Amino acid sequence: MLLLAWNTFRERWQVFAGAILTVCLGVALVQSSLLALVAAATAPIPAGLGPEAALALQGAYDGALTLLSMVLALAAFVAVFIVASTFGFTVAQRRRELALLRLTGASRGQVRALLTGEAVLLGLVGSVLGIVLGLPVARFQTWLLVRLDFAPDGFAAPWRPWVVAVSLGTGVLIAVLGVLAASRRAAAIRPQEALREGAGAAQVMTVSRWVLGLVFTAGAGVLFALFPAGDAAMPVWFVQLTPFLVTVPLVIGFAALAPLIVPLAAGLLGLVCRGALGELALANLRSDARRSAATAAPVMVLFAFVAGIGGTLATVGEAGRQELHDTVDGDFTVAADRDAAAAIAGIDGVAAVSAQTEATFELAFAEAGASWYVAGLGTVVDPAAYGATHAVAPVAGDLADLSGASVAVSPSEDYERDWRVGDTLRMRLGGEEFDVRVAALLPPTVAGPHYLLSPDLLPEGVVSWDHVVRLADGADRDAVAARLAEIGEVSTVDEWVDARAAADERLTRDIMIVLLGMTMLYTAIAIVNAVVIAASNRRREFAAARVTGLGRGQVVWLALLESQAVVAIGLVLGALAAAGSVLGAAVALRHLVGIAAVSVQWPLLVGLAVGAAVVVGATSLVTALSATRTPPIRLVASRE
C-alpha cells in the first residue's frame with residue numbers, strides 16, 4: 001500500500017499541493033515559535049541590572065512566551081483543519097477510484113493504509129520544505145516581536161539541531177491527524193459504487209458529522225451560558241480567552257454541519273437571487289453540498305478568528321475605557337517627572353489632587369514544598385487623595401488603612417488566591433523582600449489598577465508621576481490649565497482616557513498582527529486550494545452545461561456566482577462563531593464590572609469580507625476559464 005500511496009501521490013500532486021504548502025507553513029511557524037519559546041524561556045538576565053530593570057526584562061520575556069504559545073496553538077489548529085478539509089474533499093472526489101480498489105480486493109484496512117500513507121508522504125514533503133522556510137520565518141518573527149515591543153531589544157532565536165526532528169514529527173502528525181476522518185469515510189465505501197455513475201453523490205451528513213457538529217456546537221453553547229454564572233471575581237485574562245473557549249468549538253461544529261447548513265442557506269439566498277443563472281448557481285450549491293462546504297470552511301475560519309479575537313480584545317478595551325470615565329472624578333491630568341501634588345494643590349481653583357506612579361514588584365508563593373514568584377504592577381497612591389479623585393469603593397476593608405507595609409488588591413487579579421483583609425503577602429520590591437498586609441479588597445476591574453500600594457512602599461528613583469486634578473465649582477478652567485502647564489504636561493480627563501484607549505487599540509492591533517498574520521495566510525491558501533480542487537473536477541459538468549445551450553461566458557459567470565454565494569455563507573457562519581465570543585465577553589464583563597460594552601472593528605471586517613470575495617472570485621474566474629478551454633463536445637463524449 002505504501003508503493004500505491006507513492007504512485008497516487010505522484011499522480012495527484014496538484015491536488016495535494018495546497019495541503020503540502022499548508023503543512024510547510026505550519027511546520028515553519030511551529031519551528032519558529034518553538035525556537036523563540038525556548039529562547040525566551042532560557043534567556044539570561046544580564047548581571048548589573050537594577051531590580052526594576054531586571055523585573056521589566058523578565059516581564060517582557062514572559063509576555064513573549066504567552067503570545068508565542070497562542071501563535072503555536074492557532075497554527076497547529078488551522079493546519080490540521082485545512083489539511084483535514086483538503087483530504088475530506090479529495091476522498092469525496094475519489095469515491096469511484098477507491099470503490100474500484102475495494103472491488104479488486106482491497107480491504108477497508110488497506111484503503112485506510114493507502115490514505116494514511118499519502119498523508120505521511122505529504123507530511124514529510126511539507127516538513128522538509130517547512131524546515132527550510134522556518135529559518136527566514138524565525139528571523140521575521142523575532143524581528144516582529146521586537147518591533148512591536150513584545151520582546152526586548154536584542155532578542156533572537158538561535159538554531160537548535162533538535163528542532164529538525166520536532167519539525168518532521170509535527171508535519172507528519174498534522175497530516176495524519178488531518179486524514180483520520182477522511183480515511184474512516186473512505187473505508188466505508190462499498191465496492192458496488194465503482195459500477196454506478198452516480199457514486200459520487202453519497203450521503204454527506206454521516207453519523208460522525210452529526211455527532212461532531214452537535215457536540216461541539218452544544219459545548220460552545222454551554223460555555224457561553226457559563227460565563228455570566230461564573231465567579232464575580234473572574235480575571236480579565238480569562239474573559240479574553242472566549243475566542244478559544246467559544247469560537248473554536250463553534251468553528252468545528254459549523255464545519256461538521258456545513259453540508260447541512262449550505263443547502264439551507266442556499267434556499268435563503270434564493271429569495272434575493274433572481275434570474276436563470278442565479279437559480280442554477282444555487283441549485284449547484286445544493287446538489288454538491290460537500291464541495292460548497294469545503295470552500296466555505298476556510299472563509300469561515302478566517303472571518304471567525306479575526307472577528308472573534310479582534311472583537312473580544314476591542315470589547316475588553318471599550319469596557320476599560322468606560323470604566324475609567326466612570327471612576328476618575330477629575331477635570332485635568334498632569335504628567336510630571338516628580339510628585340507635584342503639593343504644588344498643584346496650592347493653585348487657586350483646585351479642589352483636590354492625587355498623585356500616582358507605577359511600581360513593579362513580585363509576590364512570593366510556596367506550596368507543596370515548591371516556591372515561586374509572580375510579577376505584578378501596582379500603583380503607589382496616597383489613600384485620602386486617591387479617594388477624593390476616584391470613585392472606588394472597596395468591597396472589604398478601608399483605603400484609610402493603606403499605610404506602612406500594606407496593599408489593596410483586586411480579587412479579579414488573582415481570584416484563585418482567595419485573599420482577605422488582614423492576610424500577609426511576601427513581596428519583593430526595589431531589591432528588598434518583606435511582608436505586606438492586605439488592607440483592603442478592591443472591586444473587580446478591567447482598566448486597573450489591580451494593586452494599590454501604600455506611599456510608604458514608594459521605591460527610590462521614580463521619575464514619572466500622573467496627577468488627577470479636580471477643580472472647585474466656578475473655577476476658571478483656562479487659568480488653572482495655564483498654571484498646571486508650568487508643572488507638567490496637561491490633558492483633560494477625557495483626553496487622557498482616550499489616549500489610554502488609543503494605546504490599548506494599538507496593542508490589540510499588534511497582538512492580532514503577531515497572532516493572526518500567519519493564520520490569514522493559511523486560510524488564504526486554503527481558500528484558493530479549495531476552489532482549484534473543486535474546479536478540477538467540474539470540466540465535464542461545465543461542458544454539459546455548454547452543450548445544453550449556455551455560452552462559455554455564462555458558464556464562467558455561473559461559477560463566479562456560486563463562489564460568491566459560498567463566500568457569503570462562510571462569512572455568515574464565521575460571523576456567528578465570532579459573535580459567540582464577543583457576546584460571551586460582553587456578558588462576562590457586564591457580570592464582572594457592571595459595564596455593557598460591545599466593540600466591533602467594522603473597517604477591518606468589511607475589508608476582510610471584500611478581500612475574501614475578491615480572492616475567491618478571482619480564483620474561480622481563472623479556474624473556470626481554464627476548465628472551459630477544451631471544446632465541450634470532446635469532454636461530453638469521453639469520461640474524465
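Scroll up to find the structure this text is about.
Residues numbered from 1 in each chain as written. Predicted model: local features only at pLDDT ≥ 70, side-chain atom pairs only at ≥ 80, totals over all residues. Heavy atoms only, no water.

**Student:** Give me the overall build of the chain: which residues, what numbers.
**Tutor:** Broken down by element type, the chain carries 19 helices and 10 strands. Counting only C-alpha atoms, the chain reaches 95 × 55 × 40 Å along its principal axes. Per-residue burial over the chain gives 48% buried out of 640 residues. In the chain, of all internal contacts separated by at least 6 residues, the share reaching a separation of at least 24 is 85%. Carbon together with sulfur atoms contributes 62% to the accessible area of the chain, which is approximately 28100 Å² in total. Taken as two groups, the 42 positive and 51 negative side-chain charges of the chain have centres that lie 26 Å from each other. (Helix = DSSP H or I, 4+ residues; strand = E, 2+ residues; numbered from the N terminus. Buried < 20%, exposed > 50% of the residue type's maximum accessible area, 1.4 Å probe, protein only. Contact = heavy atoms within 4.5 Å. Areas by Shrake-Rupley, 256 points an atom, 1.4 Å probe, with all protein chains shown as cover. Lys, Arg positive; Asp, Glu negative; His and termini not counted. Charge placed at Lys NZ, Arg CZ, Asp CG, Glu CD.)

**Student:** Describe a nonpolar patch on the surface, and please don't skip the residues or the numbers.
**Tutor:** The grouping of Phe224, Leu583, Val598, Val600, Trp602, Val606, Val610 and Val614 at the surface amounts to a nonpolar patch, some 720 Å² of accessible area in total. Per-element tally for the nonpolar patch: the top contributor is helix α18 (residues 602-627), with four residues. Counting through the fold element by element, valine 598 comes out in the loop between α17 (552-593) and α18. Here valine 598 falls in the partly exposed class, since its relative accessible area comes to 47%. (Patch = residues over 30% accessible without salt bridge, like charges linked within 9 Å, V, L, I, M, F, W, Y side chains within 5 Å. Salt bridge = Lys/Arg side-chain N within 4 Å of Asp/Glu carboxyl O.)

**Student:** Lay out unusual backbone geometry in plain terms, naming residues and giving numbers.
**Tutor:** One can expect most non-glycine residues to show negative phi and most peptide bonds to be in trans. The linkage connecting glycine 448 with the following residue, proline 449, adopts the cis geometry, with an omega of 0°. Phi is positive for aspartate 149, which is not a glycine, with a value near 65°. Using a relative accessible area of 67% as the deciding quantity, one classes aspartate 149 as exposed.

**Student:** Describe in detail the nonpolar core, supporting the description with residues and values.
**Tutor:** The biggest cluster of nonpolar side chains holds 82 residues, and the ones touching the most others in it are Leu145, Phe155, Val514, Leu515 and Leu516. When residues in this core are grouped by element, the largest group, 14 residues, is from helix α11 (residues 289-327). Once residues lying within four places of it in the same chain are set aside, the contact partners of leucine 145 are Leu67, Leu68, Phe150, Ala151, Phe155 and Val514. (Core = buried A, V, L, I, M, F, W, Y, C linked by side-chain atoms within 4.5 Å.)

**Student:** Just give me the short version of the packing of aromatic side chains, but keep the residues and values in it.
**Tutor:** Following the criterion strictly, the structure yields seven aromatic pairs and no others. A centroid spacing of 6.1 Å and a plane angle of 50° characterise the contact between tyrosine 61 and phenylalanine 155, whose relative ring orientation is tilted. One end of the pair, tyrosine 61, is in helix α3 (residues 51-93); the other, phenylalanine 155, is in the loop between α5 (108-147) and α6 (163-187), with 94 residues separating them in the sequence. Its relative accessible area of 9% is what places phenylalanine 155 among the buried residues. Grouped by ring-pair contacts, the aromatic residues Phe77, Phe81 and Phe305 constitute a single cluster. Taking the ring centre of tyrosine 373 as reference, the NZ or CZ of arginine 428 above it sits at 3.7 Å. (Phe/Tyr/Trp six-rings, centres within 6.5 Å; stacked < 30°, edge-to-face > 60°. Lys NZ or Arg CZ within 6 Å of the ring centre and 35° of its normal.)

**Student:** Please give an account of the pairing of strand β3 (residues 370-381) that cites residues and values.
**Tutor:** The pairing of strand β2 (residues 350-367) with β3 spans 12 bridges and is antiparallel. Directly across from threonine 360, in β3, lies its bridge partner leucine 377. Counting the residues that bridge the hairpin from β2 to β3 gives two residues, and of these alanine 368 lies at a positive phi of roughly 55°. (Pairing = 2+ DSSP bridges.)

**Student:** Give me the packing of α5 against α6: which residues, what numbers.
**Tutor:** To characterise two packed helices, one gives the angle between the axes of the helices and the distance between these axes. Orientation of α5 relative to α6, taken along the N-to-C sense of each, is 150°, at an axis distance of 7 Å. Viewed along their axes, α5 and α6 adopt a mutual orientation that is roughly antiparallel. The handedness of the crossing between α5 and α6 is right-handed. Along the lines of polarity and charge, the residues of the contact of α5 with α6 split into 17 nonpolar, six polar and two charged. (Axes fitted to C-alpha atoms, helices over the stretch in contact; angles between N-to-C directions. Parallel < 35°, antiparallel > 145°, perpendicular 65-115°, else oblique. Left-handed = near helix turned anticlockwise from the far one by under 90°. Nonpolar A, V, L, I, M, F, W, Y, C, P; charged D, E, K, R; others polar.)

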